[in-house]
Amino acid sequence: MSSVIDIPSPSQQRYSGYIANNTAGMARAAREHMRLHGEVPVGFLRPEIEFSWRRSFRAGVGYQTPAEPEPEQADSVRSLLEQHDWLLNCAMADIDTLYHHMGNEVCIVLANADAKVLSCRGQAQYQDQLSQWLQPGVSWQESLFGTNALGTVLQDRQPIHIRQGEHYLESLAGFSCSGAPIHDSQGELVGILDITRHGRLGTQQDTNSLVTFAVRNIESRIFFRQCLQQLVIAFHAGQHYLRSSWQGLLALDDSGHVCAVNSVGCQLLKREREGLLGLNIRQLLDVGLGDLLAAMQDSRSQGIAQRRTPLGKLYFRLAHNGSQSALVSLKSTSPSVRPNGSMNPEVASDDWAPALQRSFGMSLKALDRCIPVLLRGETGTGKEVAARSLHRASQRHGQPFVAVNCAAIPENLIESELFGYREGAFTGSRKGGMKGRLEQANGGTLFLDEIGDMPLDLQARLLRVLQERRIQPLGAAEDIPLDVQVIGATHRNLKQMVAEGLFREDLFYRLNGVTITLPPLRERSDFGSLLQRLMQAEGRSDVSIEPGLLARLKSYHWPGNVRQLQMVLQVALAFMENHENQLTDEHLTPDFLEELEQPAQKSGLLQDNESVLIRQALDKHNGNVSAAANALGISRATLYRKIREMPGASR
């Protein structure tokens, strides 16, 4: 139904009205009203958007102002990322998962509590429009850019969904976005997560659910990071919600007093956080800490205690045992080494080919003799999970495991990230300096993810470190001895990159001690048993999958591999009602259902499909690379790189 909005025109005595049949049309009408009357109209926009427009207007932001952010200086960006390194570490896994679930048409943005960009996943897709807007350090506060997910979440402290057309700035009207606040264990705002897309983003309910789900995972990691010294107990009214993003978390001291509680816990306990902090668990739940620990320790309980409380029946499990004296007799629920050196079941499986199982066994022996291991596989196949499993099963399982994503660190910061620096090494350096990732990993395992994306000059420095086993932080006068076992990972063909001069041959052979190629999900023979293990990890081993849906899941090409499958299952389980125990189409998002119904390409290889699209675009535009890149929605540089990577391309 169209809305007819009468707007008097100064140039006409009579104005026929503005016809708007969608959100974007209503927003255009609102801007026209602002142009004519110099004020934000009432009733044209959704209430939360209208309030934000009014704030933007009062702040003096012109709706016709182009989006031209001021880039931060490199030193300021370096300092910003160092200060928020902990937040990036807590968020990157879910950012990657969300990106692979949503597809390459979106950008996943992480900002700090001041709406300054820390990370953007998928930026290259809109190189011309977003590359400058979403650089690390750019502030998206409402007073600068008007209504936008990052700035508006900062103002409202609650999730927001901004539809196409609803951004205050006319230059951003083509985008839609959905954002949510990230809180720490004390309820303080520490960051903002945002999904941005040019065009429609999908239904508000589905998109908000995905963002909220990712935020809850991030908040859980932050909670455990901040409560390392406390006992952390997870609880919920439904046992199957334990180990999920919907579990409540209580951090207790050794006398049972509440030190921290997550937002889900506040909802389950029906109290504000301020009213919970300092309470003893007996006052809160009518059960003593000792009794609760004993119940969880009971061998018959499988680590889960059930208690009748003033709030009804609740299930409890020990999520983190901290370092409290109350737990001296409690057995650890997370052994640091797996029996007989077995691998994580999400990575290795008894159903796999003997050659692959043999590769994992050889890798363990190699690591224990300081021989590097190289993991190859498509994005989402579980390279980091495999690396962590190898570390836990190695002789260095009690030492640090430090992961470095060589593709996620800005090129101008990667040297200080890897090697660290001493105080005064450069303008803006942190007081006391900073340990680099290499030094942090000393004695343990260094995991170099996406090693193929490391710049050539840094490859030379890394090679020297691996040869000499010594590092020199920026500004340091002396070298530091280094003792690490190295695991590298890449989705690229390093041999081909060596042939093209894009990767050092000597570094390749230094890293390529034992190579494991992880198969993509579409080629795994253990899909059914993998599903069962993932369901069990989510605490829903009781859930089955409707046979027709299971068949379609098995035949789907899974471009995001295991990571995408995990997200699909987590979202589907979140949409299930308490009484349901079978997953059906009703529990899947419309976007994924649409993908599921599309027939897979015969080759089943994304690279082949991409090559076909590139060749078609070049043929259509008579070899004009700029026009083809524009048609494909990528930059010229990206297209040139993809052309070089195509099978049969001349070198």
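**A short note on the overall build of the protein**
Phase 1 of the analysis: Scanning the protein from N- to C-terminus turns up 25 helices and 23 strands.
Phase 2 of the analysis: Counting across all 651 residues of the protein, residues that qualify as buried make up 51%.
Phase 3 of the analysis: Carbon and sulfur atoms provide 46% of the accessible area of the protein, an area that totals close to 30400 Å².

**Concerning the packing of aromatic side chains**
Phase 1 of the analysis: What the rule picks out here adds up to 12 aromatic pairs.
Phase 2 of the analysis: Seen in terms of ring centroids, Phe-527 and Trp-558 are 6.3 Å apart; in terms of plane orientation they differ by 35°. Their pairing is tilted. Placement of the pair is Phe-527 in helix H19 (residues 527-537) and Trp-558 in the loop between helix H20 (547-555) and helix H21 (561-574), with a sequence separation of 31 residues. Side by side, Phe-527 and Trp-558 carry an identical accessibility label, which is buried.
Phase 3 of the analysis: These aromatic residues form a ring-pair network of at least three members: Phe-527, Tyr-556, Trp-558 and Phe-592.
Phase 4 of the analysis: The ring of Phe-419 carries the charged tip of Arg-461 above its face, separated from the ring centre by 3.8 Å.

**A short note on the sheet that holds strand S12 (residues 312-320)**
Phase 1 of the analysis: Sheet architecture is open: five strands sit in the order S10-S9-S8-S12-S11, paired in antiparallel fashion. Every other strand in the sheet has two partners, leaving strand S10 (258-261) and strand S11 (304-309) as the edge strands with one partner each. Taken pair by pair, the neighbouring strands of this sheet meet at an average axis angle of 30°, ignoring direction.
Phase 2 of the analysis: Pairing between strand S8 (residues 231-236) and strand S9 (residues 248-252): five bridges, direction antiparallel.

**So, the sheet that holds strand S4 (residues 117-121)**
Phase 1 of the analysis: On the basis of which strands lie adjacent, the open sheet formed by five strands has the order S4-S3-S7-S6-S5 and antiparallel pairing. Each edge of the open sheet is held by one strand with a lone partner, namely S4 and strand S5 (160-162). Across the sheet, the axes of successive neighbouring strands diverge by a mean angle of 15°, strand direction being ignored.
Phase 2 of the analysis: Note that strand S6 (residues 175-183) and strand S7 (residues 189-198) share nine bridges and pair antiparallel. Bridging from a neighbouring strand, Ala-180 pairs with Leu-193 of S7.
Phase 3 of the analysis: Strands S5, S6 and S7 of the sheet are contacted by helix H8 (residues 204-226), whose axis makes an angle of about 30° with S6.

**A few points about helix H2 (residues 47-58)**
Phase 1 of the analysis: Here H2 spans 17 Å end to end across 12 residues, near enough to the 16 Å set by a 1.5 Å rise per residue.
Phase 2 of the analysis: Three or more residues of H2 are buried, namely Ile-49, Glu-50, Ser-52, Trp-53 and Ser-56. End-on view of H2: buried residues confined to an arc of 160°, all on one side of the axis. Opposite the packed face of H2, turned more than 90 degrees from it, sit the exposed residues Phe-51 and Arg-58.

**Section: the side chain of Gln-570**
Phase 1 of the analysis: Its place among the elements puts Gln-570 in helix H21.
Phase 2 of the analysis: Judged by its relative accessible area of 16%, Gln-570 is buried.
Phase 3 of the analysis: Contacts of Gln-570, omitting those with residues within four sequence positions, involve Phe-213, Asn-217 and Glu-538.

**What to know about the packing of H19 against H21**
Phase 1 of the analysis: Closest axis-to-axis distance for the H19/H21 pair is 11 Å, and the angle between their directions is 50°. Here H19 lies oblique to H21, going by the angle between them. In this structure, the crossing between H19 and H21 has a hand that is right-handed. The residues of H21 that touch H19, namely those facing Phe-527, Leu-530, Leu-531, Leu-534 and Met-535, are Val-562, Leu-565, Gln-566, Leu-569 and Leu-573.
Phase 2 of the analysis: Its residues assigned to classes, the contact of H19 with H21 comprises nine nonpolar, one polar and no charged.

**Digging into the confidence of the model for the protein**
Phase 1 of the analysis: Taken as a whole, the protein shows an average pLDDT of 80; of its residues, 81% reach a score of 70 or greater.
Phase 2 of the analysis: Low confidence marks residues 323-351, where pLDDT is under 50. Its contacts with residues over four positions away, or in another chain, come to 65 contacts.

**Topic: the pattern of salt bridges**
Phase 1 of the analysis: Tallied over the full model, the rule gives 19 salt bridges.
Phase 2 of the analysis: Across the pair Glu-378 and Arg-522 runs a salt bridge whose closest N-O atoms are separated by 2.5 Å. Residue Glu-378 is found in the loop between strand S13 (373-376) and helix H13 (383-393), and its partner Arg-522 is found in the loop between strand S21 (514-517) and H19; the two are separated by 144 residues along the sequence.
Phase 3 of the analysis: Members of the salt-bridge network, linked through shared partners, are Arg-46, Glu-48 and Glu-166.

**Considering helix H4 (residues 85-102)**
Phase 1 of the analysis: Between its terminal C-alpha atoms H4 stretches 25 Å, which fits the 26 Å expected from 18 residues at 1.5 Å a residue.
Phase 2 of the analysis: The largest bend along H4 reaches roughly 40° and is located at Ala-91.
Phase 3 of the analysis: Extensive coverage of H4 is indicated by the burial of 14 of its 18 residues.
Phase 4 of the analysis: Just beyond H4, the residue with positive phi is Gly-103, at close to 95°.

**A few points about the environment of Leu-277**
Phase 1 of the analysis: The residue Leu-277 is located in the loop between helix H9 (263-269) and helix H10 (281-285) in this model.
Phase 2 of the analysis: Overall, the relative accessible area of 33% leaves Leu-277 in the partly exposed class.
Phase 3 of the analysis: Spatially, the C-alpha atoms of Leu-277 and His-257 are 7.7 Å apart, while their sequence positions differ by 20 residues.
Phase 4 of the analysis: Ignoring sequence-local partners within four residues, the contact set of Leu-277 consists of Gln-186, Val-258, Cys-259 and Ala-260.

**Examining the state of the cysteines**
Phase 1 of the analysis: In the structure shown here, the tally under the stated rule is zero disulfides.
Phase 2 of the analysis: Distance from the sulfur of Cys-259, which forms no disulfide, to the nearest cysteine sulfur (Cys-227) is 7.5 Å.

Reading the values: rules and limits
Residues numbered from 1 in each chain as written. Predicted model: local features only at pLDDT ≥ 70, side-chain atom pairs only at ≥ 80, totals over all residues. Heavy atoms only, no water. Helix = DSSP H or I, 4+ residues; strand = E, 2+ residues; numbered from the N terminus. Buried < 20%, exposed > 50% of the residue type's maximum accessible area, 1.4 Å probe, protein only. Areas by Shrake-Rupley, 256 points an atom, 1.4 Å probe, with all protein chains shown as cover. Phe/Tyr/Trp six-rings, centres within 6.5 Å; stacked < 30°, edge-to-face > 60°. Lys NZ or Arg CZ within 6 Å of the ring centre and 35° of its normal. Pairing = 2+ DSSP bridges. Axes fitted to C-alpha atoms, helices over the stretch in contact; angles between N-to-C directions. Contact = heavy atoms within 4.5 Å. Expected span 1.5 Å × (residues − 1). Arc of directions from axis to C-beta. Parallel < 35°, antiparallel > 145°, perpendicular 65-115°, else oblique. Left-handed = near helix turned anticlockwise from the far one by under 90°. Nonpolar A, V, L, I, M, F, W, Y, C, P; charged D, E, K, R; others polar. pLDDT = per-residue confidence, 0-100. Salt bridge = Lys/Arg side-chain N within 4 Å of Asp/Glu carboxyl O. Bend = angle between axes of the 7 residues up to and from the residue. Disulfide = S-S within 2.5 Å.

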